[in-house]
Amino acid sequence: MTIFIIAVLNSILESFLPWWILVIISFVVCLIARLSSLKSFFAGFMGIFLSWFIAILLKDIPNHHLLSTKLSNLFQLKGNYILFIIINLLLGALLGGLSGWCGCLFSSTNNLSTNSKVGE
Amino acid sequence: MNEYICRFTLISLKKFFLLFVLVLIVYCLNRNWSGMPGLGKFLDPYHGCWQNAKSETEPKVIYSMKPLLKPVEVRFDDRLVPHVFAKNSHDLIFIQGFLHAKFRLWQMDMTTRLASGRLSEIVGSKTLSIDREMRRKGMVYGAENSLKTMEADQESKQTLEAYCDGVNYFIQSLRYKSYPLEYKLMGFEPELWTNLKTSLMIKFMADKLSGRTQDFELTLARKILGDQFNILYPEHLDEEYPVIPENDNIIGTHSNDKIDLKNIEEISFKSKNFNRVKTQDNIKEMTSSNNIESHNEPKNGIGSNNWALDGTKTQSGKPILCNDPHLPLNLPAIWYENQLVSPDLNVYGVSLPGAPQVVIGFNDSIAWGFTNGYRDVKDFYTIQFKDKSKKEYFFDGQYLPSKLKIESIKIKGENDFLDTVAYTKLGIVMYDDSYPKKGFEGQNFAMNWMAHKGSDELKALTNLNRSKNYNEYINSIKYFHCPHQNIVFASASGDIAMWSQGLFANKKQGQGRFVEEINHTDQLWTNMLSVENNPHELNPKRGFVMSANQVNTSHNDPIYYNGIFSEERAKRITNMLSEKKKFNVQDMMIMQNDKYWQNASEILPLILSYSNLYDLNKTSNTILQELKTWNYVATTESRAAIMYDIWFNILERKIYDDEFGKYLPSLNYPNERVTLQLLQSKNESIIFDNILTTQRETKANIILQSFSEMVTEYEKVKHKTWYQYKNTSAEHLSKIPAFSVPTIKIGGGHGIVNAASAKDGPSWRMIVHFTNPIEAYGIYPGGESGNIASPHYINMIDDWANGKYYRLNFAHQPNDIP
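Residues numbered from 1 in each chain as written. Chains lettered and ligands numbered in written order. Predicted model: local features only at pLDDT ≥ 70, side-chain atom pairs only at ≥ 80, totals over all residues.

## With respect to the overall build of chain A
What chain A contains, in helices and strands, is 6 helices and 0 strands. In chain A, buried positions account for 47% of the 120 residues. When contacts within chain A are restricted to residue pairs at least 6 apart in sequence, long-range pairs at least 24 apart make up 68% of them. (Helix = DSSP H or I, 4+ residues; strand = E, 2+ residues; numbered from the N terminus. Buried ≥ 20, exposed ≤ 12 C-beta atoms within 10 Å, placed from the backbone. Contact = placed C-beta atoms within 7 Å.)

Right, here's the structure in full:
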């Protein structure tokens, strides 16, 4: 569920706000969602992955991979546009994941209670 | 409890550290690094590079933005060529500017930045030397002077403004998301267009076409070659095919154009006048040794072909005009194809993104095209400053104050570079102690260049676009002052003509050929030749006019000029057009794609005639047989073309390198046809002797040596065919290989009619046949869109390489475009 909230929110907000809004979205959603660290990371990762994946496909398919093929050459990927898209998606997704994790750490009660339980 | 606090601190440390790392990553991904865009910003699918993967336009658009007086309808055909239908000329030019920007903004921006010496501002210090050169050449100075001239003309001013408004309307509509990809990649922003930028665009072409001069080279060559100088750099070649041939310079009878007789008489008189001054004395003076003229072609020089046939030479009985200007094969292409229609105008052709109007094209009544004239319009003088401050220089018997201009060159990420350039009566001091000329260190040189003078080439184009007949054509091109162009003409009414057009100084014999030491104003360009008297011909008896960067007039021309001319393509085209046959459009297409290597056809038999002396093994025998059976056609698959090319290059090195010695980097070899003359000559020239050895080498020795060296060198590239070897490529202006097209499969080459060399080639092939309706064909290596993600970015390159053409949609109303 968190994944979809992040994906939808990001798809709406990023279309008119700067790209780094994805960090804030992922952070805030995970802050509120109170998931475990791992789940938060996964939610941020997959949320942004989905949001970017759809946005890229909507551009790349009608363009018949003209842009992605040239850019893959630019980034020394020898015309492998799929690899280029994967790397592009990983960049967004990893940032989303990190932000989600970070958001979950700042969700203090969650963290403290979990950790203190472990400590006992 | 302590443990709890400790753990609490650790966790907050951990989370703050992670937050810090996160913010740092975002910061790093958002900013530009040297030569790299911020990757986060660039790869963001919502604003970054992916936004450039867009469909560019609908096929039918009606523009009705506020600055337009009336709505403008634009139809884009299947190649994305816009056919613009406007109700008045303001709207027409506004939309042309808008479309140039829409499809080619980054190219326009970069070209004018390059021309004005402002590349370092966005690229960094690696382009500083280019910027300095452009500033010291006075590109902006020339552009400002021409802008003054253009703005003094009401119509030119309105055209400039409408164009500028159109470009800016587009620029103002942009946000980061919609920037052309190159801006995102290089990390800078488009800036508003100005009339000065349009003027700079025109000067950029003037520099490309008239900027090269041999003053320094020839001065050096004369110094080191002594007696041999006149043989290697003769005033005229033995065999020439002038643009305006002497015996054909006859004003033929005018056909149906309505022009007043007075004008014809005037032209005829001038023509007679030209003949009259050719007295015996003049001829004698011409052939004397101090009248020396250059016909050297730079190894990678750019050339062009144009010709027109009158009705007597065509199957249809109607004129045909052809033009293929050879220019750098960059991407986005140098040309943008468009049709402009308003109530009093219907013109089709190619325009220069960055400048209004059609440059090469046709309308209902006439067609025109250009080749470079190559007359020398740039002279250098030594200049003596009183001291290092360059504030005063000695001229006209006294010290005169120079005007010092401080060029402030912005460099990305560094402090501005300040360069002081002196402006004097002799011209701009391009070379001085802070910017020395290689091989001439310690001296100051002022440059006098026609492109510095204010002129209104835009008016020439505006008038040409709507010309209806020969008279209107000559009234248009008289405004074309620089660069010097051979402007071919044909009309629906049956006339063909050629004008070798430009503004020229009336030079004394030999003036401006070498770097000169002058002391007085009267040694400068004191008076100009009247542009109306420039060499020209109308409806010559031979039934065609043609130019291919050859010498403009015969050696009997009493007017002195020098330049960088080449004869081989002119010879080939003249031979083809002189055939006793009637031509059709297909013949013209074959001619523009002709791959016959004229120089090889004359040089190779000469050097092969020594083959009985060769010491042959199996390899060299195969090579020899292949060369002997070659038909001199440089096809894509030819191997003999590679062998010949290598052989001739080695031959040149063997003949000239020993004499040129340390001056080599600054000196180009003599014209290939001078080498041909030396090889043809029965006399054994001492130039063949290698001065570095004790024995005396002969022509035969040199040819034998070069043959065996060629065999060795050829072995290294024997897996290649001609097109792979010469490697014609279309390079993106950013030089990014991913956006460029390498190794295009095209034959021909330098010095061949189909002049596709490594970086230059036929930048627009056009054929206009004046049937009713007009039958016109064209193609250029590139595509209408400058967007690398567009299907119209390089869509024409393969067809161009294969010699195919597109039938041009010369519409009269929007619905003519399917």
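Okay, back to it.
## Looking at the overall build of chain B
Per the secondary structure count, chain B includes 24 helices and 27 strands. Radius of gyration (C-alpha) of chain B: 29 Å, near the 28 Å computed for a compact globule of 818 residues. Dimensions of chain B, computed from C-alpha atoms along their principal axes, come out at roughly 110 × 70 × 70 Å. When each of the 818 residues of chain B is scored for burial, the buried share is 50%. Counting contacts in chain B only where the partners sit at least 6 residues apart, residues at least 24 apart contribute 71% of the total. (Rg over C-alpha atoms; globule rule 2.2 N^0.38 Å.)

## Observations concerning the packing of helix α6 (residues 139-152) of chain B against helix α9 (residues 195-210) of chain B
Residues and elements named next belong to chain B. Their axes nearest at 8 Å, the elements α6 and α9 cross at an angle of 120 degrees. The orientation of α6 relative to α9 falls into the category oblique. Seen from above, α6 lies across α9 with right-handed handedness. Contacts from Met139, Gly142, Ala143, Glu144, Ser146, Leu147 and Met150 in α6 reach Asn195, Leu196, Ser199, Leu200, Ile202, Lys203 and Asp207 in α9. Residue composition of the contact of α6 with α9, by class: 7 nonpolar, 4 polar and 3 charged. (Axes fitted to C-alpha atoms, helices over the stretch in contact; angles between N-to-C directions. Parallel < 35°, antiparallel > 145°, perpendicular 65-115°, else oblique. Left-handed = near helix turned anticlockwise from the far one by under 90°. Nonpolar A, V, L, I, M, F, W, Y, C, P; charged D, E, K, R; others polar.)

## Looking at α9 of chain B
Taking 1.5 Å per residue, 16 residues should reach 22 Å; α9 of chain B reaches 22 Å between its end C-alpha atoms and fits that length. For α9 of chain B, the tally of buried residues reaches 13 of 16 residues, placing the bulk of the element in the interior. (Expected span 1.5 Å × (residues − 1).)

## Looking at the nonpolar core
Soluble globular proteins tend to pack their nonpolar side chains together in the buried interior. Residue and element names in this part refer to chain B. Counting residues in hydrophobic clusters, the biggest one holds 241 residues, and the most contacted among them are Trp307, Ala308, Ile320, Phe445, Phe489, Met643 and Val768. Residue contributions to this core peak at 13 residues, all from helix α3 (residues 89-115). In this view, Phe489 contacts Ala308, Ile366, Trp368, Tyr470, Tyr473, Ile496 and Ala497; residues no more than four positions away in its chain are not counted. (Core = buried A, V, L, I, M, F, W, Y, C linked by C-beta atoms within 7 Å.)

## A few points about the confidence of the model for chain B
Fine structural detail should not be taken from predicted coordinates in areas where pLDDT scores are low. Residue and element names in this part refer to chain B. Overall, the predicted model of chain B reaches an average pLDDT of 90, with 92% of residues at or above 70. Confidence drops under pLDDT 50 across residues 249-300; counting only partners more than four residues distant or on other chains, this segment forms 86 contacts. Interface confidence for the predicted complex, given as ipTM, is 0.91, next to a pTM of 0.91. (pLDDT = per-residue confidence, 0-100.)

## Regarding the sheet that holds strand β17 (residues 445-449) of chain B
Residues and elements named next belong to chain B. Taken together, 6 strands build an open sheet; the order of strands is β14-β15-β16-β17-β11-β20 and the sheet is mixed. Both edges of this open sheet fall to β14 (403-409) and β20 (516-517), since each of them pairs with a single strand only. Judged from the 2 bridges that link them, strand β11 (residues 378-382) and β20 form a sheet pairing that is parallel. Bridge pairing in β20 places Tyr381 opposite Glu516. (Pairing = 2+ DSSP bridges.)

## With respect to the pairing of strand β5 (residues 320-328) of chain B
Consecutive residues of a regular strand have side chains that alternate between opposite faces of the sheet. All names here are of chain B. Of all 9 residues that make up β5, 8 are buried, and the element is covered over most of its length. Pairing geometry for strand β4 (residues 304-309) and β5, over 6 bridges, is antiparallel. Within β5, the residue paired with Asn306 across the bridge is Asn323. Bridge count between β5 and strand β25 (residues 765-769): 4 bridges; the pairing is antiparallel. Its bridge partner being in β25, Leu321 is matched across the sheet by Val768. Of the pairings in the sheet, the one linking β5 to strand β24 (residues 760-762) comprises 3 bridges and is antiparallel in character. Considered in β24, the bridge of His326 is made with Pro762.

## Topic: helix α5 (residues 128-136) of chain B
Within the sequence span of α5 of chain B, burial applies to Asp131, Met134, Arg135 and Arg136 of chain B. Directly after α5 of chain B, the chain includes Gly138 of chain B, whose backbone phi takes a positive value near 75 degrees.

## Things to note about the interface of chain B and chain A
On the side of chain A, 30 residues touch chain B, which itself brings 29 residues to the contact. When contributions to the side of chain B that touches chain A are tallied by element, the ones reaching two or more residues are α1 (2-30) and α2 (39-43) of chain B. Ranked by residue count, the leading element in the side of chain B that touches chain A is α1 of chain B, at 11 residues. Residue classes in the side of chain B that touches chain A are distributed as 20 nonpolar, 4 polar and 5 charged.

## Some remarks on the pairing of strand β2 (residues 72-76) of chain B
Residue and element names in this part refer to chain B. Relative to β2, strand β1 (residues 60-63) is paired through 4 bridges, and the arrangement is antiparallel. Looking at the pairing, Val61 lines up with Val74 of β2. Taken together, the 4 bridges between β2 and strand β3 (residues 82-85) define a ladder with antiparallel strand orientation. Considered in β3, the bridge of Glu73 is made with Phe85. Taken together, β2 and the strand that follows it, β3, pair antiparallel across an intervening segment of 5 residues, in which Leu80 is found at a positive phi of about 70 degrees.

## Considerations on the sheet that holds strand β10 (residues 366-372) of chain B
Residue and element names in this part refer to chain B. Overall, mixed pairing links the 10 strands, which are arranged β1-β2-β3-β7-β8-β9-β10-β18-β19-β21 in an open sheet. Two strands lie at the open edges of the sheet, namely β1 and β21 (536-538), each paired on one side alone. Between one strand axis and the next, the sheet turns through 15 degrees on average, direction left out of account. By the bridge criterion, 3 bridges tie β3 to strand β7 (residues 336-342) in an arrangement that is parallel. Following the sheet pairing, Phe85 is matched in β7 by Val341. Its contacts with the sheet place α3 against β1, β2, β3, β7 and β8 (345-351), and it is angled at close to 160 degrees to β7.

## What about the environment of Phe27 of chain A?
Residue and element names in this part refer to chain A. With respect to the helices and strands, the residue Phe27 is situated in helix α2 (residues 21-33). A sequence separation of 70 residues divides Phe27 from Gly97, and the C-alpha atoms of the two residues are 8.9 Å apart. Leave out the neighbours within four places in its chain, and Phe27 touches Ser99, Cys102 and Gly103.

## Brief notes about the environment of Val123 of chain B
Its place among the elements puts Val123 of chain B in helix α4 (residues 120-123). For the pair Val123 of chain B and Ile573 of chain B, spaced 450 residues apart in sequence, the C-alpha to C-alpha distance is 43 Å.

## Details of the packing of helix α20 (residues 640-660) of chain B against helix α22 (residues 699-717) of chain B
All names here are of chain B. Two numbers describe how α20 lies on α22: the axes approach to 8 Å, and their chain directions differ by 135 degrees. Viewed along their axes, α20 and α22 adopt a mutual orientation that is oblique. The chirality of how α20 crosses α22 is right-handed. In this structure, α20 contributes Ile642, Met643, Ile646, Trp647, Ile650, Leu651, Lys654 and Ile655 to the contact, and α22 contributes Ile702, Ile703, Gln705, Ser706, Phe707, Glu709, Met710, Glu713, Tyr714 and Val717.

## Some details on the environment of Leu105 of chain A
Residue and element names in this part refer to chain A. For Leu105, the location among the structural elements is in helix α5 (residues 81-106). The class for Leu105 is buried, based on 23 C-beta atoms found within 10 Å. Remark: the alpha-carbon pair of Leu105 and His65, spanning 40 residues in sequence, is separated by 40 Å.

## Here's the deal with unusual backbone geometry
In this structure, Pro332 of chain B follows Leu331 of chain B across a cis peptide bond, with omega equal to -10 degrees. Tracing the sequence through the fold places Pro332 of chain B in the loop between β6 (330-331) and β7. Here Asn772 of chain B and Pro773 of chain B are connected by a cis peptide whose omega angle stands at 0 degrees. Mapping Pro773 of chain B onto the fold places it in the loop between β25 and β26 (775-779). One non-glycine residue, Gln76 of chain A, lies in positive phi territory at about 60 degrees. Along the chain, the position of Gln76 of chain A falls in the loop between α4 (66-74) and α5. A positive phi is found at Gln357 of chain B, a non-glycine position, where the angle reads about 80 degrees. Structurally, Gln357 of chain B is set in the loop between β8 and β9 (360-363).

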